[in-house]
2 protein chains.
Amino acid sequence: MQFTSEQRFDDGVLQREFTLGEIPGTLWTSGIAPAPLVLMAHNNGLPKADPRLVARARYTAARGYAVATIDAAGCGDRPRSAAEERARADLRRALQAGEPVDEIFESLVGPMVEKAVPEWQMTLDALLELPEIAGPVGYSGGWTALGIRLAVVEPRVAAAGFFAGGFVPRAQREEARQVTIPLLLLLQWDDEGNPRRRALDLFDAFGSKEKTLHANLGGHTGTPWFELEDGCRFLDRHLK
Amino acid sequence: MQFTSEQRFDDGVLQREFTLGEIPGTLWTSGIAPAPLVLMAHNNGLPKADPRLVARARYTAARGYAVATIDAAGCGDRPRSAAEERARADLRRALQAGEPVDEIFESLVGPMVEKAVPEWQMTLDALLELPEIAGPVGYSGGWTALGIRLAVVEPRVAAAGFFAGGFVPRAQREEARQVTIPLLLLLQWDDEGNPRRRALDLFDAFGSKEKTLHANLGGHTGTPWFELEDGCRFLDRHLK
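Residues numbered from 1 in each chain as written. Chains lettered and ligands numbered in written order. Predicted model: local features only at pLDDT ≥ 70, side-chain atom pairs only at ≥ 80, totals over all residues. Heavy atoms only, no water.

A. Representation of the overall build of chain A within the structure. Looking only at helices and strands, chain A features seven helices and nine strands. Against the 2.2 N^0.38 benchmark of 18 Å for 240 residues, chain A shows a C-alpha radius of gyration of 17 Å, consistent with a compact globule. A principal-axis box enclosing the C-alpha atoms of chain A has dimensions of 50 × 40 × 30 Å. Taking all 240 residues of chain A together, 57% fall into the buried category. (Helix = DSSP H or I, 4+ residues; strand = E, 2+ residues; numbered from the N terminus. Rg over C-alpha atoms; globule rule 2.2 N^0.38 Å. Buried < 20%, exposed > 50% of the residue type's maximum accessible area, 1.4 Å probe, protein only.)

B. Geometry of the relation of the copies chain B and chain A. With an RMSD of 0.0 Å, chain B superimposes on chain A once it is rotated by 180° and translated 0.0 Å along the axis. What the rotation and shift describe, once combined, is the action of a two-fold rotation axis. The rotation axis passes nearest to the C-alpha of B:His214 in chain B, at a distance of 2.4 Å. Here 100% of the interface residues in chain B have copies in chain A that are interface residues too; the copies meet face to matching face. (Least-squares fit on C-alpha atoms with pLDDT ≥ 70 in both. Contact = heavy atoms within 4.5 Å.)

C. Here's a closer look at the environment of B:Leu185. Residue and element names in this part refer to chain B. Tracing the backbone through its elements, the reader meets Leu185 in strand β8 (residues 183-188). When its relative accessible area of 0% is taken as the criterion, Leu185 is described as buried. Counting along the chain gives 45 residues from Leu185 to Ser140, while the straight-line C-alpha distance between them is 9.9 Å. Those residues in contact with Leu185 that lie beyond four places of it in its chain are Phe162, Phe163, Ala164, Ala199, Phe203, Thr212, Leu213 and His214.

D. Summary view of the pattern of salt bridges. All names here are of chain A. Counted under the stated rule, the structure contains 42 salt bridges over all chains. With its nearest N and O atoms 2.8 Å apart, the salt bridge here joins Glu17 to Lys48. Taken together, the residues span a long stretch of sequence, with Glu17 in strand β2 (residues 14-20) and Lys48 in the loop between β4 (35-39) and α1 (51-62) at a distance of 31 residues. Judged by relative accessible area, Glu17 falls into the partly exposed class, the value being 21%. Given the relative accessible area of 11%, Lys48 is considered buried. Residues joined by salt bridges that share partners form a network here, namely Arg63, Asp236 and Lys240. (Salt bridge = Lys/Arg side-chain N within 4 Å of Asp/Glu carboxyl O.)

E. Structural context of the packing of helix α3 (residues 102-127) of chain B against helix α4 (residues 144-153) of chain B. Residue and element names in this part refer to chain B. Taken N-terminus to C-terminus, the directions of α3 and α4 make an angle of 55°; their axes are 10 Å apart at the nearest point. As the angle between them shows, α3 and α4 are arranged oblique. The crossing of α3 and α4 is right-handed. Contact residues: α3 offers Val113, Glu114, Ala116, Val117, Trp120 and Gln121, while α4 offers Ala145, Leu146, Arg149, Leu150 and Val153. Of the residues assigned to the contact of α3 with α4, the class counts are eight nonpolar, one polar and two charged. (Axes fitted to C-alpha atoms, helices over the stretch in contact; angles between N-to-C directions. Parallel < 35°, antiparallel > 145°, perpendicular 65-115°, else oblique. Left-handed = near helix turned anticlockwise from the far one by under 90°. Nonpolar A, V, L, I, M, F, W, Y, C, P; charged D, E, K, R; others polar.)

F. Quick look at the environment of B:Ala145. Residue and element names in this part refer to chain B. Locating Ala145 in the fold gives a position in helix α4. When its relative accessible area of 1% is taken as the criterion, Ala145 is described as buried. Ala145 sits 25 residues away from Arg170 along the chain, and the two C-alpha atoms are 9.5 Å apart. Not counting residues within four places of it along the chain, the set of residues in contact with Ala145 comprises Val113, Phe167, Val168, Pro169 and Gln172.

G. Here's a closer look at the nonpolar core. With 120 residues, the main nonpolar core has A:Tyr139, A:Trp143, B:Tyr139 and B:Trp143 as its most contacted residues. Once residues lying within four places of it in the same chain are set aside, the contact partners of B:Tyr139 are B:Leu39, B:Ala41, B:Leu146, B:Gly147, B:Leu150, B:Val157, B:Ala159, B:Ala160, B:Gly161 and B:Phe162. (Core = buried A, V, L, I, M, F, W, Y, C linked by side-chain atoms within 4.5 Å.)

H. View of the packing of aromatic side chains. Applying the stated rule across the entire model yields 12 aromatic pairs over all chains. Judged by centre distance (6.2 Å) and plane angle (80°), the ring pair of A:Phe3 and A:Phe18 falls under edge-to-face. Of this pair, A:Phe3 sits in strand β1 (residues 2-8) while A:Phe18 sits in strand β2, and the two are 15 residues apart along the sequence. The exposure class assigned to A:Phe18 is buried, which follows from its relative accessible area of 2%. A ring pair is formed by B:Phe162 and B:Phe206, whose centres lie 5.7 Å apart and whose planes are at 25°; its orientation type is stacked. Separated by 44 residues along the polypeptide, B:Phe162 in strand β7 (residues 157-163) and B:Phe206 in the loop between α6 (196-205) and β9 (211-216) bring together distant segments of the chain. With relative accessibility at 2%, the residue B:Phe162 sits in the buried group. The structure contains a cluster of three or more aromatic residues connected by ring pairs, namely A:Tyr139, A:Phe162 and A:Phe206. If you follow A:Arg58 out to its NZ or CZ, it ends over the ring of A:Phe9, 3.5 Å from the centre. Just above the ring of A:Phe203 sits the side chain of A:Lys211; from NZ or CZ to the centre is 5.2 Å. (Phe/Tyr/Trp six-rings, centres within 6.5 Å; stacked < 30°, edge-to-face > 60°. Lys NZ or Arg CZ within 6 Å of the ring centre and 35° of its normal.)

I. Representation of helix α7 (residues 226-239) of chain B in the model. Taking 1.5 Å of rise per residue, the 14 residues of α7(B) would be expected to cover 20 Å, and the 20 Å separating its terminal C-alpha atoms lies within 8% of that figure. Among the residues of α7(B), B:Phe226, B:Glu227, B:Asp230, B:Gly231, B:Cys232, B:Arg233, B:Phe234, B:Leu235 and B:Leu239 are the ones counted as buried. (Expected span 1.5 Å × (residues − 1).)

J. Structural detail: the side chain of B:Arg78. All names here are of chain B. By secondary structure assignment, the location of Arg78 is in the loop between β5 (66-70) and α2 (82-97). Within the structure, Arg78 has its side chain in polar contact with the side chain of Glu119 (distance 3.0 Å). Ignoring any residue separated from it by four or fewer positions in sequence, one finds Arg78 in contact with Glu22, Ile23, Pro24, Asp71, Ala72, Ala73 and Glu119. (Polar contact = N/O pair within 3.5 Å; in protein donor to acceptor, adjacent residues only side chain to side chain.)

K. Fine view of α1(A). Residues and elements named next belong to chain A. When the terminal C-alpha atoms of α1 are compared, their 16 Å separation across 12 residues agrees well with the 16 Å that a helix rising 1.5 Å per residue should span. The set of residues buried in α1 consists of Leu53, Val54, Ala57, Thr60 and Ala61. Down the axis of α1, the buried side of the element spans an arc of 135°, and every buried residue falls inside it. At its buried positions, α1 is contacted by β2, β3 (23-29), β4, β5 (66-70) and α7 (226-239). Near the N-terminus of α1, the side chain that reaches the backbone nitrogen of Arg52, with its oxygen 2.9 Å away, is that of Asp50. Positive backbone phi, approximately 100°, marks Gly64, located one or two places after α1. (Arc of directions from axis to C-beta.)

Take a look at the structure:
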């Protein structure tokens, strides 16, 4: 793991870019060491520099966490396979034409999750070597499908906050039953592209004994600011 | 309003019993004056001395609120009408026999809400005269039907926390659309006696622009302790 640049913000948060082989990543810390680690992934290939992700990461770091994200294979500026390019072109066409997109999302997101998980696990290994980071590890992310898969295969992940506003492939909807860690699921009640029923079914499916659903009125990007605080308090209960 | 007894607890909360005409009530304060007022009602006639209600009230008072409850007409030890006694006997029989109880609840709870609302409003008038109490006013209660009716008819109520685990008569399910204050609805995902679908429909029906649903795994009485903190933070956002 190579740190390539760093920036210190007024709120005391240190933002460092790193590379791990061909994986680019960002780590936010606030100087309280060693801090519990939060893995924060953006949905379905959105870049790690997306302002909403950065804002959530900085807020969470200021609350005493080490927060890390990466652009996994096919995400952000990483090269995409021909199949991925084709699926994304199909998706754009179908969305513009108002046609069903479930099967296209399935063919795009399913393989992306498969490729992303080992890269997140490699990153986790490297991060836990750093003196400023300690377990336990939480997952907090818009990319729910990745989080489900990580929660199932990665015993170091002790608690997870998910956002229901993203496509979850069949494989992850099925393995939701195998998720047993405490979790918080965020749902936007009127999310345009993500059927409410599917989100409620997903919440129902999780195997966790402690699971909480927070639903708020509004569309996909309308999550109220107080959910960021609530999300940190959820992590506090399980990681601190 | 006559105070009839008082008790000071280790956490600094002062608990005072009062009467207002024939209405018995309890007021909890923690000495931070003037404090915003929270009306806390227990479900469908349960007594104001119920330990779960008292625990919630004391916790909320320690967080800087004046918290009040009353035994409204037909609640707690207040005399019941012949119709109420009959409905309660019918209810016990039906529950023991495993028969449907919706219509019995309708005939019991509907009139109870009608009779309780003016008594809660009288109490509100009297409480707001006290120097240790100030607006704004919140409602936080197990008795959701009463809270809906109060939120509709009582402009002094500025925010409300409801518990979905109670019977809501048709009249209040319909007037939920007229509720426009910020609200937090608590739902126990596996509540034995209260269908989940009905709770989700109620959440959907509320007319409020800011509304949040918190659902947790477990049965009717299994609400996790952290929801008490979350409920106070919800009140903090709107009453402080």
